[in-house]
Amino acid sequence: MPDGTPVEELTLRALGPEDTKYVCKIITYGGAVRSLTVPDRNGNPVDVVLGFDTLEDYRAQDKYIGALVGRYANRVGGAEFTLNGAQYPLFANDGPNSLHGGRTGFDKRVWTVEELGGSAATLSLVSPDMDEGYPGSLEVRVTYTLSEGGLAISYRAKSDRDTVCNLTNHSYFNLSGHDSGSVEGQYIKLNASRYTPAGPGSIPTGEIAPVEGTPMDLRTAQPIGTRIGEPFGQLVMAGGYDHNWVIDKHEGTIWTAAAAWSPDTGIAMDAATTLPGVQFYAGNFLSGCPRGKGGAVYGDRHGFCLETQFFPDSPNQPGFPSCVLKAGEEYHSVTVYSFGVADCAEKL
Ligand code: GAL
């Protein structure tokens, strides 16, 4: 970093055969997942996340590629919120709204390596009181665990004052390989019968609407590109899929929010989480970043994100599940991205 702080890269290998194809690289800048290699239908390794070759490129891009996002992932409308009667102005970095933690969100910090084993690593960060306008000194610990099933990310945080907290990972997946071009032919399935429609600036209106009868209905697997261009107001406004879906819950504490599949490689992915929402972002505005790994050109829709989360603008939306973290209590969420191979989308 310009101030001399070193940035490290950690390599995780799944426990199992010595030649496991499950390998993940994490960098301490932004806690970003820089590569995630899994086997395709022929057993060949495929790197399914976008990333960069140099730290300079990570610092130059503004798409949150691979990063850990916080203190409040997604948008806070009007770049301010009220908590316990006090108003907290934030930095407006997305028109009049605050996006992904503000000017210097957690994606731009160098995280500390707390623990490192062969298949797991824990990173930590202290976000001081009033950092980016948010109250309370927040201690965050994030553990990445790689297995032959996939990558689990566990988030824990504690604050000494009441605050709001919403942590996610902003990996862009491309199940045909990070450098393979558009994901519009890859299948997506969202286990969500409702979503949160948004108004100007992608700020939710507060409504929780059924997906039924709209192109937001992705409960049956379909190629990302099939309905993304329909003249449906929400899609036109956001330039494609870039919304929060309300995950249908079932028994247990972790539920599968989404599944995706590449007909090219046969790689199938599930995203399961303890959180109530998922932002399915189709990478509509991805172009314009530096060359990716190995010189890859990342254009619009060359990767998609499944950002598990509290709903956008929850600090200002009394009808949404609360993202308030009380002083001394623990924030804990888990998201697991699981991988396998499938021979057709119907298996998702
Ligand atoms: C997503 C967000 C998009 C865009 C992107 C970063 O999480 O929903 O609208 O801001 O991050 O380029």
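Report on the accompanying structure.

Thresholds applied
Residues numbered from 1 in each chain as written. Predicted model: local features only at pLDDT ≥ 70, side-chain atom pairs only at ≥ 80, totals over all residues. Heavy atoms only, no water. Pairing = 2+ DSSP bridges. Helix = DSSP H or I, 4+ residues; strand = E, 2+ residues; numbered from the N terminus. Salt bridge = Lys/Arg side-chain N within 4 Å of Asp/Glu carboxyl O. Buried < 20%, exposed > 50% of the residue type's maximum accessible area, 1.4 Å probe, protein only. Polar contact = N/O pair within 3.5 Å; in protein donor to acceptor, adjacent residues only side chain to side chain.

### Let's talk about the sheet that holds strand β20 (residues 242-246)
Taken in spatial order, the five strands of this open sheet run β18-β17-β20-β23-β24, and their pairing is antiparallel. Taken across any chain shown, the strands that pair with only one partner, and hence form the sheet edges, are β18 (209-210) and β24 (305-309). Of the pairings in the sheet, the one linking strand β17 (residues 194-196) to β20 comprises three bridges and is antiparallel in character. Across the sheet, the residue bridging to Tyr-195 is Trp-245, located in β20.

### A look at the pattern of salt bridges
In the structure shown here, the tally under the stated rule is 16 salt bridges. Notably, a salt bridge pairs Asp-47 with Lys-293, separated by 2.7 Å at the nearest N-O pair. Of this pair, Asp-47 sits in strand β4 (residues 45-47) while Lys-293 sits in the loop between β23 (277-281) and β24, and the two are 246 residues apart along the sequence. By the burial criterion, Asp-47 is buried, and Lys-293 matches it. Two residues, Asp-94 and Arg-75, come together in a salt bridge whose shortest N-O distance is 2.9 Å. Taken together, the residues span a long stretch of sequence, with Asp-94 in the loop between β8 (86-89) and β9 (98-99) and Arg-75 in strand β6 (residues 75-76) at a distance of 19 residues.

### Looking at the side chain of Gln-61
Position of Gln-61 relative to the elements: it lies in the loop between α1 (55-60) and β5 (68-69). Take Gln-61: its relative accessible area is 11%, and that puts it in the buried class. Polar side-chain contacts of Gln-61 include one of 3.0 Å to the backbone nitrogen of Lys-63. One polar contact links the side chain of Gln-61 to the main-chain amide nitrogen of Tyr-64, over a distance of 3.2 Å.

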